[in-house]
Amino acid sequence: IILLAVNGIRADNEDNKLHAELLELLPGLRRYAYSLCGTADDADDLCQSAVERILEKGVPEDVVLAKWAFRVCRNLWIDQYRATRTRELAVENPLLQDINISDDSRRTENEIQLQQVNLAMQELNEEQRSALSLVTLQSMSYKDAADVLEVPVGTVMSRISRARANLMKYLNTQSTFAQGH
């Protein structure tokens, strides 16, 4: 669907250039959206919304498209997260996310580990998860991640350090729990 949004609009050469650049960014943008949302369907929706927003509003002058796209994606996710949280609190549902863990015996150990890491990522606060995702999943430099997040480089470094420590703590807790049962 996203590809249709990018390719489906015929325009001048500048728009064609933007479309081509967006196509190159899509895999990384989708991975980043997944790291924020935690589910493939929500990540696809978020990525689609980000691309639509960029195509609709354009890109400011003197802005690197990649940084702008990740920033748009992050801001849309924050808006969606807040709206979802508000709705859930309004109906007195304390759970922010329904996590369905399958006991299917066909799951491989790698899939279980990946699920544990995804769960651990969801335990991080948004600031730590965003910083860690940009640097580790998107291979951005600390400076580029700082630009996307609109914070100093030192803040990104601190958030990543805390995120890694929290991930290890969470995963060790889960491992200890699993061994005890």
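Bear in mind that the values here come from a model prediction, so they are computed numbers and not experimental data.

### A look at the overall build of the chain
Phase 1 of the analysis: Helix and strand counts for the chain come out as 8 helices and 0 strands.
Phase 2 of the analysis: Listing the helices and strands of the chain from first to last along the sequence gives α-α-α-α-α-α-α-α.
Phase 3 of the analysis: Burial statistics for the chain: of 181 residues in total, 33% are counted as buried.
Phase 4 of the analysis: Contacts spanning at least 24 positions in sequence make up 59% of the contacts within the chain whose residues lie at least 6 apart.

### Observations concerning the packing of helix 6 (residues 126–137) against helix 7 (residues 142–149)
Phase 1 of the analysis: Where helix 6 contacts helix 7, the axes come no closer than 9 Å and their chain directions differ by 140°. Looking at the two axes, helix 6 sits oblique to helix 7. When you trace helix 6 past helix 7, the crossing you get is right-handed. Each of Ser130, Ala131, Leu134 and Val135 in helix 6 lies in contact with helix 7, whose residues at this interface are Tyr142, Ala145, Val148 and Leu149.
Phase 2 of the analysis: Residues of the contact of helix 6 with helix 7, tallied by class, amount to 7 nonpolar, 1 polar and no charged.

### Comments concerning the pattern of salt bridges
When their charged atoms lie close together, side chains carrying opposite charge are able to pair.
Phase 1 of the analysis: Within the structure shown, the criterion is met by 7 salt bridges.
Phase 2 of the analysis: The partner of Arg71 in a salt bridge is Glu150, with the nearest N and O atoms 3.6 Å apart. Pair noted here: Arg71 is in helix 4 (residues 65–90) and Glu150 is in the loop between helix 7 and helix 8 (153–180), with a separation of 79 residues, a long-range link.
Phase 3 of the analysis: Assessed through its relative accessible area of 17%, Arg71 is described here as buried.
Phase 4 of the analysis: Taken together, the shared-partner salt bridges connect Lys67, Lys143, Asp144 and Asp147 into one network.

### Structural notes on the packing of aromatic side chains
Phase 1 of the analysis: Following the criterion strictly, the structure yields 1 aromatic pair and no others.
Phase 2 of the analysis: The interplanar angle of 75° and the centroid separation of 5.4 Å between the aromatic rings of Tyr32 and Phe70 together place this pair among those described as edge-to-face. Residue Tyr32 is located in helix 2 (residues 13–37), and its partner Phe70 is located in helix 4; the two are separated by 38 residues in the primary sequence.
Phase 3 of the analysis: Relative accessible area serves as the criterion here: at 0%, Tyr32 is assigned to the buried category.

Procedures and definitions
- Residues numbered from 1 in each chain as written.
- Predicted model: local features only at pLDDT ≥ 70, side-chain atom pairs only at ≥ 80, totals over all residues.
- Heavy atoms only, no water.
- Helix = DSSP H or I, 4+ residues; strand = E, 2+ residues; numbered from the N terminus.
- Buried < 20%, exposed > 50% of the residue type's maximum accessible area, 1.4 Å probe, protein only.
- Contact = heavy atoms within 4.5 Å.
- Axes fitted to C-alpha atoms, helices over the stretch in contact; angles between N-to-C directions.
- Parallel < 35°, antiparallel > 145°, perpendicular 65-115°, else oblique.
- Left-handed = near helix turned anticlockwise from the far one by under 90°.
- Nonpolar A, V, L, I, M, F, W, Y, C, P; charged D, E, K, R; others polar.
- Salt bridge = Lys/Arg side-chain N within 4 Å of Asp/Glu carboxyl O.
- Phe/Tyr/Trp six-rings, centres within 6.5 Å; stacked < 30°, edge-to-face > 60°.

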